[in-house]
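# Summary of structural features
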Amino acid sequence: MSGAILGEDGLARCPWGVSAPDYVAYHDDEWGRPVRDDRGLYERLCLEAFQSGLSWLTILRKREGFRAAFAGFDPEKVAGYGPDDVERLMGDASIVRNRAKIEAAVANARAALDLPGGLAALVWRYADPAAPAPVTTADVPAVTDGSKALAKELKRNGFRFFGPTTAYAMMQACGLVDDHLAGCFRRGAASLAAGGVQDGDGGGAAGR
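The protein goes by DNA-3-methyladenine glycosylase I in an unreviewed UniProt entry, where it is assigned to Actinomadura parmotrematis.

### Things to note about the overall build of the protein
When helices and strands are counted, the protein shows 10 helices and two strands. Walking the protein from its N terminus toward its C terminus, one meets helices and strands in the order β-β-α-α-α-α-α-α-α-α-α-α. In the protein, buried positions account for 50% of the 208 residues. Look at the contacts in the protein between residues 6 or more apart in sequence, and 73% of them connect residues 24 or more apart. Surface accessibility of the protein: about 9100 Å² in total, with carbon and sulfur atoms responsible for 52%.

### Here we look at the nonpolar core
With 57 residues, the main nonpolar core has Phe-66, Phe-70 and Leu-150 as its most contacted residues. Those residues in contact with Phe-66 that sit more than four places away from it in its chain are Leu-47, Phe-50, Ile-59, Phe-73, Ser-94, Ile-95 and Val-96.

### Some points on the side chain of His-27
Among the secondary structure elements, His-27 is positioned in helix 1 (residues 21–29). Within the local environment of His-27, its side chain forms a polar contact with the side chain of His-180, the two groups lying 3.3 Å apart. Among all residues touching His-27, those that are not within four sequence positions of it are Arg-13, Cys-14, Trp-16, Gly-17, His-180, Cys-184, Phe-185 and Arg-186.

### Quick notes on helix 1
Of all the positions in helix 1, only Tyr-23, Tyr-26, His-27 and Asp-28 are classed as buried. Next to the buried residues of helix 1 lie strand 2 (12–13), helix 3 (56–61), helix 4 (63–69) and helix 10 (164–173).

### A short note on the environment of Tyr-26
Inspection of the secondary structure puts Tyr-26 in helix 1. Residue Tyr-26 is classed as buried on the basis of its relative accessible area of 3%.

### Describing the packing of aromatic side chains
Tallied over the full model, the rule gives 10 aromatic pairs. Consider the rings of Phe-50 and Phe-70, whose centres lie 5.8 Å apart with planes at 55 degrees: the pair is tilted. Of this pair, Phe-50 sits in helix 2 (residues 38–51) while Phe-70 sits in the loop between helix 4 and helix 5 (75–78), and the two are 20 residues apart along the sequence. Each of the two residues, Phe-50 as well as Phe-70, counts as buried. Arranged with centres 6.5 Å apart and planes meeting at 20 degrees, the rings of Phe-66 and Phe-70 form a pair that is stacked.

Procedures and definitions
Residues numbered from 1 in each chain as written. Predicted model: local features only at pLDDT ≥ 70, side-chain atom pairs only at ≥ 80, totals over all residues. Heavy atoms only, no water. Helix = DSSP H or I, 4+ residues; strand = E, 2+ residues; numbered from the N terminus. Buried < 20%, exposed > 50% of the residue type's maximum accessible area, 1.4 Å probe, protein only. Contact = heavy atoms within 4.5 Å. Areas by Shrake-Rupley, 256 points an atom, 1.4 Å probe, with all protein chains shown as cover. Core = buried A, V, L, I, M, F, W, Y, C linked by side-chain atoms within 4.5 Å. Polar contact = N/O pair within 3.5 Å; in protein donor to acceptor, adjacent residues only side chain to side chain. Phe/Tyr/Trp six-rings, centres within 6.5 Å; stacked < 30°, edge-to-face > 60°.

Next comes the structure, spelled out in structure tokens:
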């Protein structure tokens, strides 16, 4: 139940953001910054699903392997994957080799392409920019009514391996909510949601 922690550089960060060297840049530059493009959201949706039951550090360190394996997380390309591709990925040590999660990534690419208006349009309906600032890690929820609703809607549209906890982790990572602690220097990153677009890296939840 810790508040923001002062780092050697004099900046206060969420405790998980200084728990491992790999986390510092991710916390400072990616986590909580708005992601509004379909490919970026599909990537994070996949990475959050693969993280289920594992540490986020494992996923972060394998991120480039995932990108290579899943064609840069281009939904149109992944949607075309068949049984041979699944077997190929099951032999790829650069990713998490879990058949159910790999098959879900393929199914979710197809589901994303079938969404009227696209994945971003659906996901951003569940943004909560007015959520109160957590003061300590104990104030950061694992599940919210919004994440339950988002997970339910995605499931209704054919998405797999994506429950309310995973949905909330994606909401945190992609700026739908701002769960940087009140004392963290990155608090306010989600304010970019008014017009900002963040493409590229990321995924993850607080308390990694």
